[in-house]
Amino acid sequence: MGLTELIEVLSSDTAIQVIASIVKILIVLVLCLQVPPLMVWAERRAPAMMQRRKGPNRVGLFKFRLYGLLQSAADAVKLIFKEEVVPRGANKAVYHIAPIFGVFTAMMVACAIPYGNDISVFGQKVSLSPIHLDVGFLFIFAISSLAVYAVTLAGWASNNKYSLLGSLRASAQMISYEIPLGMSLIPLVVIFGTLDLNKMVLAQSAYPWSWGVVKAPISFLLFLVCMFAETNRAPFDLAEGESELVAGFHTEFNSAKFAAFFLSEYVAMFVLSCLAATVFFGGWQTPFIPYETLLSLLGGMEWLAALAGFVCLIVKAAFFMWVYVWVRWTLPRFRYDQLMSLGWKFMLPVGLVNLLVTTLVVAFIENAGRH
Amino acid sequence: MNPYLPVLIVLLLGVGLGGILSGLAHFVGPRKPNRIKEEPFECGVPAVGEKDKMSVKFYLTAILFILFDIETVFLYLWAMTFRDLGWFGIAEIIVFLVVLFGGYIYVVKRGALEWD
């Protein structure tokens, strides 16, 4: 095949779309790999600040200490070079598969977030979420539910009763809170009338008073609680209650497999933070500057506007990541029965009532507008 | 381009990434297995007690989850078509939710959600 033919094939519309989507996917995956080290660092520095101690501050590059920013990189390298010990009696196949499950589900959901408005590349409209489906919401729920398997299989396969207990607790907790999580977002679908996340961001516009959090505040509170429960984070971190379960489902996982669980946990937190920002806080919209105005301010350069949108989304998501850390060092752990009754006996009915009230209000407002 | 093609690409890349990451230590790290090291970890003492016993509560939670989660999926579909269905749709969904809520109250009254 000659060079001109190759160029012709590569510049066809389908090829541009395929290449663009591969590039987008790689960018998001690389981005996801940056989240855990930064987050682990933040999670060790922030409590140090709160408790008036120093936290990691040594590891740096040559003589620049960078506030210990490279500590997590050093930890990751250390973990990879550790010996891998598989416990006796473990189910080998499942033991090796479980961390992979965690990583790929987290990555897939991360790819479904819209990181900016559509841009045109060589005359082709390219959406800035690597996986752009018109049922984005359902896709995110479907795939993020698969994360339960990672936890369940990990605990079951490692032939340790504490692992099994931790994984049972974690999976029961995750599936219980998935119902209020789903329920809390239905009012948003009712209000904005779409399951497409990018369309939802567009419908929220740049002005904070038309964002999801103003239109459905109860939904936001429910979602916020579910965020913590879904990722097994404090105050709902019963899955790894150290004082009773050693470390929960990943007790028997060490070296790089432990790092893989870390990775998937932090990416899952990042994805939920991005989802909260997207659904309730206008996603990539720059506050108070509508997209068209931003575009004309930047001289019509879509790349710059997309970059600005991306920065806005990351800042909003970073706020939620901070909330994760903040809550962890503020609230004590729940008891398991309290956790379950909060989910089933409080959040579920509140979610249902919230849905009904929102629906009726929306219906009345739109009916009134028609007359 | 089929919008589900990226899903496949991400799936392959994600599984590959997870596989490389969790397989890395297998090839890079040292391997000096011995009997004591491979024992399931229980704070240093020999493992005691039965492993495979679990509370029946977990099964119950899973069953209830399936019921209520499917209901959530129905609600999504309804929420999408909410504007086209109008008041008829709202009335229907209220009937649906009342029936569901009846079941929920039954479950609560029977104590299926109690943990003790």
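Bear in mind that the values here come from a model prediction, so they are computed numbers and not experimental data.

Each value, and the rule that gives it
- Residues numbered from 1 in each chain as written.
- Chains lettered and ligands numbered in written order.
- Predicted model: local features only at pLDDT ≥ 70, side-chain atom pairs only at ≥ 80, totals over all residues.
- Heavy atoms only, no water.
- Helix = DSSP H or I, 4+ residues; strand = E, 2+ residues; numbered from the N terminus.
- Rg over C-alpha atoms; globule rule 2.2 N^0.38 Å.
- Buried < 20%, exposed > 50% of the residue type's maximum accessible area, 1.4 Å probe, protein only.
- pLDDT = per-residue confidence, 0-100.
- Core = buried A, V, L, I, M, F, W, Y, C linked by side-chain atoms within 4.5 Å.
- Contact = heavy atoms within 4.5 Å.
- Axes fitted to C-alpha atoms, helices over the stretch in contact; angles between N-to-C directions.
- Parallel < 35°, antiparallel > 145°, perpendicular 65-115°, else oblique.
- Nonpolar A, V, L, I, M, F, W, Y, C, P; charged D, E, K, R; others polar.
- Buried area = accessible area lost by both parts, 1.4 Å probe.
- Salt bridge = Lys/Arg side-chain N within 4 Å of Asp/Glu carboxyl O.
- Arc of directions from axis to C-beta.
- Polar contact = N/O pair within 3.5 Å; in protein donor to acceptor, adjacent residues only side chain to side chain.

## A closer look at the overall build of chain A
- For chain A, the helix and strand inventory stands at 15 helices and two strands.
- A compact globule built from 371 residues should have a C-alpha radius of gyration of about 21 Å, and chain A, at 22 Å, falls within 12% of that.
- Here the C-alpha coordinates of chain A stretch approximately 65 × 65 × 45 Å along the principal axes.
- Taking all 371 residues of chain A together, the buried fraction comes to 57%.

## Notes on the confidence of the model for chain B
All names here are of chain B.
- In this model, chain B carries an average pLDDT of 82, and 96% of its residues clear a pLDDT of 70 or more.
- The least confident element of chain B, judged by mean pLDDT, is helix H1 (residues 5-28) at 84; the most confident is helix H3 (residues 82-109) at 87.
- Note on the complex model: pTM 0.89, ipTM 0.86.

## Things to note about the nonpolar core
- Counting residues in each nonpolar core, the largest one holds 127 residues, and the members touching the most others are A:Phe137, A:Leu185, A:Phe223, A:Leu275, A:Val279 and B:Trp78.
- For this core, the leading source of residues is helix H7 (residues 161-192) of chain A, giving 17 residues.
- Discounting chain neighbours no more than four positions away, the residues touching A:Leu275 are A:Ile113, A:Ile140, A:Leu185, A:Leu197, A:Phe223 and A:Phe280.

## Some words on the packing of helix H4 (residues 92-110) of chain A against helix H5 (residues 136-145) of chain A
Residues and elements named next belong to chain A.
- In contact at an axis separation of 9 Å, H4 and H5 are set at 170 degrees when each is read in the N-to-C sense. Regarding the angle of H4 to H5, the classification is roughly antiparallel. Seen from H4, the contacting residues are Thr105, Met108 and Val109; seen from H5, they are Phe139, Ile140, Ile143 and Ser144.
- Partitioned by chemical class, the residues of the contact of H4 with H5 number five nonpolar, two polar and no charged.

## Focus: the interface of chain A and chain B
- Tallying the contact residues gives 82 residues for chain A and 66 residues for chain B.
- At the boundary of chain A with chain B, total buried surface from both sides reaches about 6600 Å², with 75% on carbon and sulfur atoms.
- For the chain A face of the interface with chain B, the top three residues by lost area are A:Glu83, A:Arg88 and A:Trp344, together amounting to 11%.
- One can count one salt bridge joining chain A with chain B.
- The residue B:Arg83 makes a salt bridge to A:Glu366 at a minimum N-O spacing of 2.8 Å.
- Of all the secondary-structure elements, those providing two or more residues to the side of chain A that touches chain B are helix H2 (13-50), H4, H5, H7, helix H12 (255-280) and helix H15 (336-370) of chain A.
- For the side of chain A that touches chain B, the per-class residue count stands at 55 nonpolar, 15 polar and 12 charged.

## What to know about helix H8 (residues 197-204) of chain A
Residues and elements named next belong to chain A.
- If you check which residues of H8 are buried, you get Leu197, Asn198, Met200, Val201 and Gln204. End-on, the buried residues of H8 take up no more than an arc of 160 degrees, which puts them together on one face.
- Buried residues belonging to H8 abut H5, H7, helix H9 (212-215) and H12.
- By the N-cap criterion, in which a side-chain oxygen at the helix start approaches the backbone nitrogen of a residue two or three places on, H8 is capped by Asp196, the distance to Asn198 being 3.0 Å.
- At the exit of H8 stands Ser205, carrying a positive phi of roughly 60 degrees.

## As for the side chain of A:Gln204
- For A:Gln204, the position within the fold is in helix H8.
- Only 2.8 Å separates the side chain of A:Gln204 from the backbone oxygen of A:Thr278, close enough to count as a polar contact.

## Thoughts on the confidence of the model for chain A
- Confidence in the prediction of chain A, expressed as mean pLDDT, is 85, and 98% of residues score 70 or more.
- Element-level mean pLDDT values for chain A span from 69 in helix H11 (residues 242-245) of chain A up to 90 in helix H10 (residues 217-230) of chain A.

## A few points about the pattern of salt bridges
All names here are of chain A.
- Under the definition given, this model contains eight salt bridges over all chains.
- Taking the shortest distance from any N to any O, the salt bridge between Arg333 and Asp237 comes out at 2.9 Å. With a gap of 96 residues between them, Arg333 in the loop between helix H14 (302-328) and H15 and Asp237 in the loop between H10 and H11 connect regions that are remote in the sequence.
- Note on Arg333: relative accessible area 32%, which makes it partly exposed.
- Residue class for Asp237 comes out buried when judged on its relative accessible area of 11%.

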